[in-house]
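Now for the letters of each chain:
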Amino acid sequence: MQREGASALQVISDFDMILTRFAHEGKRCPTTYNILHNTNLISEECKAKMSNLVAHYYPIEIDSSKSVEEKIPHMVE
C-alpha cells in the first residue's frame, strides 16, 4: 500500500535478456546496463559504482567452472 503523497518507483531490469530481445532487425539490442550507463540521468558516481559491480560479478556469472549453486550466493549478494 502506498502512502498518500508518496511516489512509487518501479525498476525492471533484465540484465540477462530473458524478458527482452537480443536483436531486432539484425541489430543488437542494448541491455539494461547499457541503457543506464549511457544516460545523462544517472550521476558519474553511480555509473562508476555500476561499473565496479559489473567488474566484480560478471566474471562470476559467466564462469563455466562454477556450478549454479556456487554462483547463487554471489548473485543474491
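These lines cover the structure that appears in this document, whether it is placed above or below. What you see is a predicted model, and the numbers here were worked out from it, not measured in a lab.

Each value, and the rule that gives it
- Along every chain, residues carry numbers that run from 1 in the direction the sequence is written.
- With pLDDT at 70 or above as the cut-off, local features in this predicted model cover only qualifying residues; side-chain atom pairs require 80 or more to be listed or tallied, and sums for whole chains, interfaces and linings still use all residues.
- To get the side-chain values, take all heavy atoms of the structure and skip hydrogens and water.
- In this text, helices come from DSSP runs of H or I with a minimum length of four residues, and strands from runs of E with a minimum of two, each type numbered from the N-terminal end.
- Only heavy atoms enter the contact rule, under which two residues are in contact if any of them lie within 4.5 Å.
- For accessible areas, the Shrake-Rupley method is used with a probe of radius 1.4 Å. Any residue's cover is judged against the shown protein chains and nothing else.
- Counted as a polar contact is a pair of N or O atoms within 3.5 Å, where, for protein atoms, one must be capable of donating a hydrogen and the other of accepting one, and residues adjacent in sequence contribute only when both atoms are in side chains.
- Each patch is built from salt-bridge-free residues with over 30% relative accessible area, joining like charges within 9 Å and nonpolar side chains (Val, Leu, Ile, Met, Phe, Trp, Tyr) within 5 Å.
- Definition used for salt bridges: Asp or Glu carboxyl oxygen within 4 Å of a side-chain nitrogen of Lys or Arg.
- Relative accessibility thresholds used throughout: buried, under 20% of the residue-type maximum; exposed, over 50%; partly exposed, between the two (1.4 Å probe, protein chains only).
- Interaxial angle, 0 to 180 degrees, is taken between N-to-C directions of lines fitted to C-alpha atoms, where a helix line uses only the stretch in contact.
- Should an angle fall under 35 degrees it is taken as roughly parallel, and over 145 as roughly antiparallel, whereas 65 to 115 is taken as roughly perpendicular and any remaining angle as oblique.
- Take the far helix as the reference: if the near one is turned anticlockwise from it by less than a right angle, the crossing is left-handed, and if turned clockwise, right-handed.
- Side-chain classes follow a simple rule in which Ala, Val, Leu, Ile, Met, Phe, Trp, Tyr, Cys and Pro form the nonpolar group, Asp, Glu, Lys and Arg form the charged group, and the remainder, Gly included, forms the polar group.

## Some remarks on the overall build of the protein chain
Here comes step 1: When helices and strands are counted, the protein chain shows 3 helices and 2 strands.
Here comes step 2: In the protein chain, the order of α-helices and β-strands from amino to carboxyl end is β-β-α-α-α.
Here comes step 3: Pairs at least 24 apart in sequence give 3% of the contacts found in the protein chain among residues at least 6 apart.
Here comes step 4: On the protein chain, roughly 7,000 Å² of surface is accessible, and the fraction owed to carbon and sulfur atoms is 57%.

## Remarks on the side chain of Thr 31
Here comes step 1: Relative to the elements of secondary structure, Thr 31 occurs in the loop between β2 (27–28) and α1 (32–37).
Here comes step 2: Of the polar contacts made by the side chain of Thr 31, one reaches the side chain of Asn 34; its length is 2.7 Å.

## Points about a nonpolar patch on the surface
Here comes step 1: Nonpolar side chains collect at one region of the surface, where Val 54, Tyr 58 and Ile 62 lie side by side and expose about 270 Å² of accessible area between them.
Here comes step 2: Tracing the backbone through its elements, the reader meets Val 54 in helix α2 (residues 44–62).
Here comes step 3: When its relative accessible area of 34% is taken as the criterion, Val 54 is described as partly exposed.

## Things to note about the packing of α2 against helix α3 (residues 68–76)
Here comes step 1: One way to put it is that α2 packs onto α3 with a least axis distance of 9 Å and a crossing angle of 160 degrees. As far as their axial angle goes, α3 and α2 are roughly antiparallel. When you trace α2 past α3, the crossing you get is left-handed. Residues Tyr 57, Ile 60, Glu 61 and Ile 62 of α2 pack against Lys 71, His 74 and Met 75 of α3.
Here comes step 2: Across the contact of α2 with α3, the residue classes break down as 4 nonpolar, 1 polar and 2 charged.

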